[in-house]
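# Report on the structure
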Amino acid sequence: ETGVTQTPRHLVMGMTNKKSLKCEQHLGHNAMYWYKQSAKKPLELMFVYNFKEQTENNSVPSRFSPECPNSSHLFLHLHTLQPEDSALYLCASSQDGRTDARGGELFFGEGSRLTVL
Amino acid sequence: AQSVTQLDSHVSVSEGTPVLLRCNYSSSYSPSLFWYVQHPNKGLQLLLKYTSAATLVKGINGFEAEFKKSETSFHLTKPSAHMSDAAEYFCVVSGRGNKLVFGAGTILRVKS
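A few points on the structure. Predicted model, so just to flag it, every value in this text is computed and none were measured. (Residues numbered from 1 in each chain as written. Chains lettered and ligands numbered in written order. Predicted model: local features only at pLDDT ≥ 70, side-chain atom pairs only at ≥ 80, totals over all residues. Heavy atoms only, no water.)

Scanning chain A for helices and strands turns up zero helices and eleven strands. Secondary structure of chain A in N-to-C order comes out as β-β-β-β-β-β-β-β-β-β-β. Here chain A has a C-alpha radius of gyration of 13 Å; the compact-globule value for 117 residues is 13 Å, and the two agree. The C-alpha extent of chain A, read off along each of the three principal axes, is 40 × 25 × 25 Å. (Helix = DSSP H or I, 4+ residues; strand = E, 2+ residues; numbered from the N terminus. Rg over C-alpha atoms; globule rule 2.2 N^0.38 Å.)

Here it is, written out as structure tokens:
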């Protein structure tokens, strides 16, 4: 069983649909992250949760709505998306909210490939 | 502010030959630096990270990187490439506020 599990692995949705991405970590970590990976662009941090509290929202449009009910689960609710939102959405976790060398590394899931038609 | 530049978007090597993936960084503070690897259809995995203890950092799978402050570089090397090394590699800098900044990535192709 991998440490960070994301479902679904692939999702195709229309611009008027509402869907959710799910992430679950089995590592006992306290921080969870959503990243967006688009072709030919650097990885973009979207949201950070530390001990279930949102500590970072990197100017993400409101059509993306995160939810963190506990330290092991993270959701990304999607509604009225645009075609440019098509990307690989990666979830990650770390021991705490520190990501420098004195803190812990990030552990990534395999991603959810989203296509918006 | 921190930034990182990966100098090559694609690198192609033959199996058994050395690998060099180049990374330059910019940071207003003493940086923390990382290399992550992403195999096709997989998430990112930490290869190695720089702490202030040693400028030559050894990672998994025979990779290593050297921190050169005077050149603001953190290049990734491996003496002998293996087919399984084919992947995308990301150089990452972390500065004040613990925000990670990812480079655009370098795709490594290994020819048999």
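Here we come to the overall build of chain B. Check the secondary structure of chain B and you find zero helices and twelve strands. Judged by the C-alpha coordinates and their principal axes, chain B covers about 40 × 25 × 20 Å. Here chain B holds 112 residues, and 44% of them are scored as buried. Look at the contacts in chain B between residues 6 or more apart in sequence, and 56% of them connect residues 24 or more apart. (Buried < 20%, exposed > 50% of the residue type's maximum accessible area, 1.4 Å probe, protein only. Contact = heavy atoms within 4.5 Å.)

Below, the discussion takes up the packing of aromatic side chains. Applying the stated criterion across every chain yields a total of eleven aromatic pairs over all chains. Aromatic side chains Tyr35(A) and Phe108(A) sit 5.7 Å apart centroid to centroid with 50 degrees between the ring planes, which places their arrangement in the tilted category. Within this pair, whereas Tyr35(A) is found in strand β4 (residues 31–37), its partner Phe108(A) is found in strand β10 (residues 107–108), the two being separated by 73 residues in sequence. Ring plane angle 20 degrees and centroid distance 4.2 Å describe the contact between Tyr50(B) and Phe67(B), whose orientation is recorded as stacked. Of the two residues, Tyr50(B) is situated in strand β6 (residues 44–50) and Phe67(B) in strand β8 (residues 64–68); the sequence distance between them amounts to 17 residues. Taken individually, Tyr50(B) and Phe67(B) each receive the classification buried, so the pair is uniform in this respect. Linked through ring pairs, Tyr33(A), Tyr35(A), Phe108(A), Phe34(B), Tyr36(B) and Phe102(B) together constitute an aromatic cluster. (Phe/Tyr/Trp six-rings, centres within 6.5 Å; stacked < 30°, edge-to-face > 60°.)

It is worth spelling out the interface of chain B and chain A at this point. Listed per partner, the contact involves 20 residues of chain B and 19 residues of chain A. Across the chain B to chain A interface the summed buried area is about 1600 Å²; carbon plus sulfur atoms make up 51%. A salt bridge links Lys42(B) to Glu110(A), with the shortest nitrogen-to-oxygen separation between them at 3.1 Å. When grouped by side-chain class, the residues that make up the side of chain B that touches chain A number nine nonpolar, eight polar and three charged. (Buried area = accessible area lost by both parts, 1.4 Å probe. Salt bridge = Lys/Arg side-chain N within 4 Å of Asp/Glu carboxyl O. Nonpolar A, V, L, I, M, F, W, Y, C, P; charged D, E, K, R; others polar.)

Okay, the environment of Phe107(A) next. Residues and elements named next belong to chain A. Turning to its location among the elements, Phe107 is positioned in strand β10. On the basis of relative accessibility, which here comes to 33%, the residue Phe107 falls in the partly exposed class. The spacing of Phe107 and Ala87 is 20 residues in sequence and 19 Å in space, taken between C-alpha atoms. For Phe107, the residues in contact, after removing those within four places along its chain, are Val4, Leu27, His29, Cys91, Ala92 and Ser93.

Below, the discussion takes up the environment of Lys68(B). Residue and element names in this part refer to chain B. Structurally, Lys68 can be placed in strand β8. With 24 residues separating them along the chain, Lys68 and Val92 place their C-alpha atoms 15 Å apart. Residues within four places of Lys68 in sequence aside, it is in contact with Tyr25 and Ser73.

This part covers the environment of Val11(B). Residues and elements named next belong to chain B. In this fold, Val11 is placed in strand β2 (residues 10–14). The class for Val11 is buried, based on a relative accessible area of 13%. Sequence separation between Val11 and Asp85 is 74 residues, and the spatial gap between their C-alpha atoms is 12 Å. With sequence-adjacent residues up to four places away left out, Val11 is seen in contact with Leu20, Leu21, Thr106, Ile107, Leu108 and Arg109.

With that settled, the discussion passes to the sheet that holds strand β7 (residues 64–70) of chain A. All names here are of chain A. Spatially, four strands are ordered β1-β3-β8-β7 in an open sheet, and the strand pairing comes out antiparallel. Looking at which strands have only one partner, the edges of the open sheet turn out to be β1 (4–7) and β7. Neighbouring strand axes in the sheet, compared pairwise and without regard to direction, differ in orientation by 15 degrees on average. Note that β1 and strand β3 (residues 18–25) share four bridges and pair antiparallel. Paired with Thr7 across the two strands is Lys22, which belongs to β3. (Pairing = 2+ DSSP bridges. Axes fitted to C-alpha atoms, helices over the stretch in contact; angles between N-to-C directions.)

Note that every value here comes from positions in space, so none of it alone points to a role or purpose.
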